[in-house]
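Chains, contacts and geometry: an overview
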Amino acid sequence: MNASLAKRYAKALFDLAREQGTLDQVEAEVRLLDEVLHATPELMDLLTNPAVSDSELAQLLKDSFGDMTAIVVNTLLVMVENDRAAEVRALPRYVRDYINDYRGIAEGIVTSAYPLSATDLKDVELVFGQKLGKTLQLKNVVDEEVIGGLRVQVGYTTYDDTIETKLTRLERELLNA
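What you are looking at is a predicted structure, and each value in this text was computed from that prediction instead of being measured.

Definitions and cut-offs
Residues numbered from 1 in each chain as written. Predicted model: local features only at pLDDT ≥ 70, side-chain atom pairs only at ≥ 80, totals over all residues. Heavy atoms only, no water. Patch = residues over 30% accessible without salt bridge, like charges linked within 9 Å, V, L, I, M, F, W, Y side chains within 5 Å. Areas by Shrake-Rupley, 256 points an atom, 1.4 Å probe, with all protein chains shown as cover. Salt bridge = Lys/Arg side-chain N within 4 Å of Asp/Glu carboxyl O. Helix = DSSP H or I, 4+ residues; strand = E, 2+ residues; numbered from the N terminus. Buried < 20%, exposed > 50% of the residue type's maximum accessible area, 1.4 Å probe, protein only. Polar contact = N/O pair within 3.5 Å; in protein donor to acceptor, adjacent residues only side chain to side chain. Contact = heavy atoms within 4.5 Å. Phe/Tyr/Trp six-rings, centres within 6.5 Å; stacked < 30°, edge-to-face > 60°. Lys NZ or Arg CZ within 6 Å of the ring centre and 35° of its normal.

1. Description of a nonpolar patch on the surface
A cluster of nonpolar side chains, I147, I163, L167, L170 and L174, forms an exposed patch at the surface whose accessible area comes to about 490 Å². Take L167: it is sitting in helix α8 (residues 163–176). Residue classification places L167 among the partly exposed positions, given a relative accessible area of 48%.

2. Thoughts on the side chain of T69
Topologically, T69 is positioned in the loop between α4 (54–65) and α5 (70–81). Separated by 2.8 Å, the side chains of T69 and E29 make a polar contact. For T69, the contacting residues outside a window of four places in its chain are Q25, V26 and E29.

3. Some words on the packing of aromatic side chains
All told, the structure shown has 3 aromatic pairs when counted by the stated rule. For the ring pair F14 and Y98, a centre distance of 5.9 Å and an interplane angle of 20° mean the geometry is stacked. Taken together, the residues span a long stretch of sequence, with F14 in helix α1 (residues 3–20) and Y98 in helix α6 (residues 91–103) at a distance of 84 residues. With relative accessibility at 3%, the residue F14 sits in the buried group. Relative accessible area serves as the criterion here: at 25%, Y98 is assigned to the partly exposed category. Seen from their ring centres, F14 and Y102 are 5.7 Å apart, and the 65° between their planes marks the pair as edge-to-face. On the criterion of sequence distance, the pair formed by F14 in helix α1 and Y102 in helix α6 is long-range, its members being 88 residues apart. Here the aromatic residues F14, Y98 and Y102 are joined through ring pairs into a cluster of three or more. In this structure, K11 is placed above the aromatic ring of Y98, and the distance from its NZ or CZ to the ring centre is 5.7 Å. A cation over a ring is seen here: R93 above Y94, with NZ or CZ 4.3 Å from the ring centre.

Nothing here speaks to function; it is all geometry.
Shown next, in the form of structure tokens:
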């Protein structure tokens with residue numbers, strides 16, 4: 001898979017959706033596409049199988065996603081036509097990245113020892129969103145190895161305030177003293 005190629009197709013789809021005023025609909029459709037690709041690895045196998053012809057792939061995509069907007073379906077068909085079917089897997093993520101960047105939104109993960117309430121999750125989104133100057137949409141992941149505290153990851157930045165990390169720092173300081 002070539003990420004830069006998938007990004008080009010995603011950028012073109014994003015630009016068209018923005019021009020046509022269909023960002024919300026395209027966003028919902030690429031989320032659905034992503035869910036379908038995750039739920040059916042057989043489909044991804046077909047998209048990357050050289051024994052399957054472009055016309056067969058095009059028909060499969062039309063049958064599977066024909067209810068989506070024309071720009072989404074046409075993007076998928078152009079990717080197949082240009083022998084870029086393998087990059088379809090990465091397309092939804094990059095389209096969402098472009099849409100989120102345009103809207104000033106960042107997605108991330110907050111890891112905790114127990115599930116956070118909706119209120120706590122919103123509080124974390126507000127605090128870290130202010131630090132980053134963006135609106136955050138965080139997904140809560142429970143990791144029982146986290147004794148306490150939180151680890152927030154947004155993009156390539158991680159804010160780690162877990163007890164585990166604090167203990168590791170304290171151990172290093174004691175060993176270096």
